[in-house]
Amino acid sequence: AQSVAQPEDQVNVAEGNPLTVKCTYSVSGNPYLFWYVQYPNRGLQFLLKYITGDNLVKGSYGFEAEFNKSQTSFHLKKPSALVSDSALYFCAVRLYSGNTPLVFGKGTRLSVIA
Amino acid sequence: NAGVTQTPKFRILKIGQSMTLQCTQDMNHNYMYWYRQDPGMGLKLIYYSVGAGITDKGEVPNGYNVSRSTTEDFPLRLELAAPSQTSVYFCASRGTRTNEKLFFGSGTQLSVL
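Throughout this document, residue positions are counted from 1 along each chain, in the order its sequence is written. Labels follow written order: the first chain is A, the first ligand is 1, and so on. A pLDDT threshold of at least 70 governs which residues receive local features in this predicted model, and a stricter bar of 80 or more applies before side-chain atom pairs are shown or counted, although totals over entire chains, interfaces and linings include all residues. Only hydrogens and water are set aside; all other atoms, that is, all heavy atoms of the structure, feed into the side-chain values.

S.K.: How would you sum up the overall build of chain A? Please name residues and give values.
M.R.: For the purposes of this entry, the term helix denotes a DSSP run of H or I that reaches at least four residues, the term strand denotes a run of E that reaches at least two, and both are numbered from the N terminus. Along its length, chain A carries zero helices and twelve strands. Ordering the α and β elements of chain A from the N terminus gives β-β-β-β-β-β-β-β-β-β-β-β. In terms of its C-alpha atoms, chain A occupies a principal-axis envelope of roughly 45 × 30 × 20 Å. Here, two residues are considered to be in contact whenever any of their heavy atoms come within 4.5 Å of each other. Here the analysis covers contacts within chain A between residues at least 6 apart in sequence; of these, 57% occur between residues at least 24 apart. Residue burial considers only the protein chains on display, and all accessible areas are found by Shrake-Rupley using a 1.4 Å probe. Summing over all exposed atoms, chain A offers an accessible surface of approximately 5,300 Å²; the carbon and sulfur share of this is 49%.

Set out below in structure tokens:
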């Protein structure tokens, strides 16, 4: 079985400061890892993914995430937060092979304060 | 290019009523999914399909049915609506050439009273 944990319901950060949204995963095999963002009253939007290759993945809007196999983590980061980054962020995982669907975490609400 | 389109956007049902949530995509994607989103619970997979004529249960399929007669359409049927089905429903799709990226519709907010 595959699962994702996002240990923080809410993350607050001041504008201009670095931000981190945490994610750990559990999967019996090599993982595909994703981050999605949801703005109010909208569907989820793809931010970035890790499938293979470099452990540091760069995505949309200046976000990046680091795959750490030993810690089974895939934390989302941004060097300098913007107020417009305030949204709900979801980590997701699925097995590297096969047609298994994505499993999502419960989400972390990011609030960036001006 | 419309992407993934869901209708309706909002609906209120009485207990025991039935309805169909429509989902259509114009990207020729093979894979389609239905998720429900409850506050603080993330997204739970209801049903999914890997191609026309093929459907499979997800994590929370009870009380729902789906069909996939065409590549474009993946309707979700609620029979005998219950208050526990009050949620926001999202349809999503991906193709074999989208490199794993899911495309989501804008959602259907359903209340069962």
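S.K.: I'd like a description of the interface of chain B and chain A, backed by residues and values.
M.R.: The partner chain A presents 20 residues to the 20 residues of chain B that form the contact. When the two sides are added together, the surface that chain B and chain A hide from each other amounts to roughly 1,500 Å², 59% of it contributed by carbon and sulfur. Its largest share of buried area at the contact with chain A, chain B owes to Leu43(B), Glu100(B) and Phe104(B), together 31% of the area lost on that side. Basic side-chain nitrogens of Lys or Arg form a salt bridge, by our definition, when they fall within 4 Å of a carboxyl oxygen of Asp or Glu. Applying the counting rule to chain B against chain A returns zero salt bridges. Among the elements of the structure, strand E4 (31–38), strand E5 (42–51) and strand E9 (87–94) of chain B are those that each provide at least two residues to the side of chain B that touches chain A. If you tally residues by element for the side of chain B that touches chain A, the top one is E5(B), at five residues. Amino acid classes used here: Ala, Val, Leu, Ile, Met, Phe, Trp, Tyr, Cys and Pro are nonpolar; Asp, Glu, Lys and Arg are charged; the rest, including Gly, are polar. When grouped by side-chain class, the residues that make up the side of chain B that touches chain A number eleven nonpolar, six polar and three charged. Computed with a 1.4 Å rolling probe, the buried area is the accessible surface lost when two parts are put together, summed over both parts.

S.K.: Any chance you could break down the pairing of E4(B) for me, citing the residues and the numbers?
M.R.: Residue and element names in this part refer to chain B. To sort residues, take the accessible area from a 1.4 Å probe on protein chains only and compare it with the maximum for the residue type: under 20% means buried, over 50% means exposed, and anything in between is partly exposed. Taking burial as the measure, the eight residues of E4 include eight buried ones, the bulk of the element. Alternating positions in E4 separate into two faces, Tyr31, Tyr33, Tyr35 and Gln37 on one and Met32, Trp34, Arg36 and Asp38 on the other, with burial throughout. Two strands form a pair only when DSSP identifies at least two bridges running between them. Relative to E9, E4 runs antiparallel, the two being bridged by seven bridges. Its bridge partner being in E9, glutamine 37 is matched across the sheet by valine 88. The turn linking E4 back onto E5 is made up of three residues, and glycine 40 within it adopts a positive phi angle of 75 degrees.

S.K.: Go over the state of the cysteines, please, and point to the residues and values.
M.R.: Note on disulfides: each one is a pair of cysteine sulfur atoms within 2.5 Å. This model, assessed by the stated rule, comprises two disulfides over all chains. At a sulfur-sulfur separation of 2.0 Å, the disulfide partner of Cys23(A) is Cys91(A). Judged by the sign of its S-S torsion, about -65 degrees, the bond between Cys23(A) and Cys91(A) is left-handed. Here Cys91(A) lies in strand E10 (residues 87–95) and Cys23(A) lies in the loop between strand E3 (19–21) and strand E4 (24–26), a separation of 68 residues in the sequence. Like Cys23(A), the residue Cys91(A) is buried in the burial classification. Disulfide partner of Cys23(B): Cys91(B), at an S-S distance of 1.9 Å. Residues Cys23(B) and Cys91(B) are joined through a disulfide that is left-handed, its torsion about the S-S bond being -70 degrees.

S.K.: Describe the nonpolar core, with residues and values.
M.R.: All names here are of chain A. The nonpolar core is taken to be a set of buried Ala, Val, Leu, Ile, Met, Phe, Trp, Tyr and Cys residues, with the residues joined through side-chain atoms within 4.5 Å. Counting 28 residues, the largest nonpolar core has Trp35, Leu47, Leu48, Phe74, Leu76 and Tyr89 as the members making the most contacts within it. Residue assignment for this core shows that the elements contributing at least two residues are strand E2 (10–14), E3, strand E5 (31–38), strand E6 (44–50), strand E8 (64–68), strand E9 (73–78), E10 and strand E12 (108–113). Take this core: its biggest share by element is four residues, from E10.

S.K.: So what about the side chain of Asp38(B)? Which residues, and what values?
M.R.: Residue and element names in this part refer to chain B. Along the chain, aspartate 38 turns up in strand E4. For aspartate 38, a relative accessible area of 17% corresponds to the buried category. A distance of 3.1 Å separates a polar atom in the side chain of aspartate 38 from a polar atom in the side chain of arginine 36. Excluding residues within four positions of it along the chain, aspartate 38 makes contact with Thr86 and Ser87. For this analysis, a polar contact is any N or O atom pair within 3.5 Å, provided that within protein one partner can donate a hydrogen and the other can accept it, and provided that sequence-adjacent residues contribute only side-chain to side-chain pairs.

S.K.: How would you sum up the packing of aromatic side chains? Please name residues and give values.
M.R.: Any Phe, Tyr or Trp ring, taking Trp's six-membered ring, that has another such ring centre within 6.5 Å forms a pair; planes under 30 degrees apart are called stacked, those over 60 apart edge-to-face, and the others tilted. Taken as a whole and assessed by the stated rule, the structure comprises 15 aromatic pairs over all chains. Note on Phe104(A) and Tyr35(B): the rings are 5.2 Å apart at their centroids and 90 degrees apart in plane angle, and the pair reads as edge-to-face. Of this pair, Phe104(A) sits in strand E11 (residues 103–104) while Tyr35(B) sits in strand E4, which puts the two residues in different chains. A relative accessible area of 1% means that Tyr35(B) is categorised as buried. Each member of the aromatic cluster is reached from another via a ring pair, and the members are Phe34(A), Tyr36(A), Phe46(A), Phe90(A), Phe104(A), Tyr33(B), Tyr35(B), Tyr48(B), Phe90(B) and Phe104(B). Whether a charge sits over a ring depends on NZ of Lys or CZ of Arg being within 6 Å of the ring centre and within 35 degrees of the ring normal. Across from the ring centre of Tyr31(B), 4.0 Å away, lies the NZ or CZ of Arg94(B), which sits over that ring.

So, to be careful, I would describe these as geometric facts and stop short of saying anything about function.
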